[in-house]
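The primary structure of each chain is shown beneath.
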Amino acid sequence: MERTPLIYIVGTGRSGSTLLDLMLAADPHVTGVGEFSNFTDWVKQDDPCTCGRPVGACELWGPILAAVPEAAEVDVSFGVGLRRQLSRALRCILGASLTAEEQATARVNHELLRRVVGATGSAYVVDSSKDLGRACLLYLSGRFDMHIIHLVRDARGVVFSRSKTKPREQFVRERPDFAERAERWPERKRLRPTGYTYRRWMAFNAAILAVGVTRWRRHYRLVRYERLAAEPERAMAEIREWLGLAVHVAPAEAAIDAHNIGGNRMRFKPVTEVRVDDEWRRSLGKGPRALYALYGVPLVAALCNVVARRRPAPPTHGA
Ligand SMILES: [Zn+2]
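These numbers were taken from a predicted model, which means no experiment stands behind them.

Parameters at a glance
Residues numbered from 1 in each chain as written. Predicted model: local features only at pLDDT ≥ 70, side-chain atom pairs only at ≥ 80, totals over all residues. Helix = DSSP H or I, 4+ residues; strand = E, 2+ residues; numbered from the N terminus. Contact = placed C-beta atoms within 7 Å. Pairing = 2+ DSSP bridges. Axes fitted to C-alpha atoms, helices over the stretch in contact; angles between N-to-C directions. Buried ≥ 20, exposed ≤ 12 C-beta atoms within 10 Å, placed from the backbone. Core = buried A, V, L, I, M, F, W, Y, C linked by C-beta atoms within 7 Å.

This part is about the overall build of the protein. Scanning the protein from terminus to terminus reveals 15 helices and five strands. Sequence separation of at least 24 residues holds for 84% of the intrachain contacts in the protein that already meet a minimum separation of 6.

So, about the sheet that holds strand E5 (residues 220–224). The strand order across the open sheet formed by five strands is E2-E3-E1-E4-E5, and the pairing between neighbours is parallel. Here the strands that pair on one side only, and so sit at the sheet edges, are strand E2 (30–32) and E5. Neighbouring strand axes in the sheet, compared pairwise and without regard to direction, differ in orientation by 25 degrees on average. In terms of strand pairing, strand E1 (residues 4–10) meets strand E3 (residues 124–130) through four bridges, oriented parallel. Note on E3: the bridge partner recorded for Ile7 is Val126. On the sheet, helix H10 (residues 194–216) packs against E1, strand E4 (144–152) and E5 and is oriented at approximately 140 degrees with respect to E4.

What follows is about helix H1 (residues 17–25). Here H1 lies mainly inside the structure; nine of its nine residues are buried. When H1 is considered as a whole, its buried residues turn out to be Ser17, Thr18, Leu19, Leu20, Asp21, Leu22, Met23, Leu24 and Ala25. On its buried face, H1 is in contact with E1, E2, E3, E4, helix H11 (225–230) and helix H12 (232–243).

Glancing now at the nonpolar core. One finds Tyr8, Val126 and Cys136 to be the most contacted residues of the largest nonpolar core, which totals 74 residues. With near-sequence residues (within four places) excluded, Cys136 lies in contact with Arg88, Ala89, Arg91, Cys92 and Val211.

Turning to unusual backbone geometry, a few remarks are in order. Here the phi dihedral of Asp46 falls at roughly 50 degrees; this positive angle occurs in a residue that is not glycine. In this model, Arg217 sits at a positive phi of 45 degrees, which is unusual for a non-glycine residue. Here Arg217 lies in the loop between H10 and E5. C-beta crowding within 10 Å serves as the criterion here: with 9 such atoms nearby, Arg217 is assigned to the exposed category.

On the secondary structure map, Tyr292 appears in helix H14 (residues 286–294). Tyr292 sits in the buried class, given 20 other C-beta atoms within 10 Å. For the pair Tyr292 and Gly195, spaced 97 residues apart in sequence, the C-alpha to C-alpha distance is 8.4 Å. Those residues in contact with Tyr292 that lie beyond four places of it in its chain are Ala155, Arg156, Tyr198 and Val297.

Structure follows, in structure tokens:
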């Protein structure tokens, strides 16, 4: 069996994964498929791909679905949930084998994604599902040649981003052709207590660090959102070198023609410029700032910084 080259973005929500996904997919040798864990839901509801056509009628996904009929029965997501993710992280560290059911799910994921590589001629597919348990099971399946990018954003930025609600109506005003389908989209912007967000941020990032450092090693790379957004060209040049891709910078707008599944609504708009979203520095309240230290978040953040800096000097890329 030939392993399918897969770039997997792992991290907590609101960490900039859509931005990174679009920046990666701006490379002509890379195809982004979005949050692929949502694929089964998308197929069931025949929701629109970012090309605008329903998945079943999309020029990329239509033929692939016809070639992989199991995709209609098997949920490719593996399921989510904090406990499940942490137990899978532990299994990954221990190098445990998959159950028969997990193997079957991994096989359908592989059948679909290897056809994306075949249809597009890409060197890599990007799955920005973010889910740690999924990353662990895909890795353990041995069906993918994985490059796992752990994207970390300052927890205070995540908390602030969660506190802002962007109404669905605003999106529908911009894209009225999606009005009917947007009705069925889950309300993703549920408000969570600040402490909940901090605890989850710590649990996930610590678990990802542990698997990355002990098991994934050279297949693993920690990228800070703040650095990616502040120095996009340099950060992307380093990532491309790690991936073995030719070092060049393509305009991010190119990615808008992609066939992405699920995720952030930013996918439906072109990326015109990259800048750091650090509004939390001005607008985050005193409560969440105090909790940040009380919960001990700076400790995990410091560990992340140590691993992020553990890199050779960036190559000069002639730009
Ligand atoms: Zn499409």
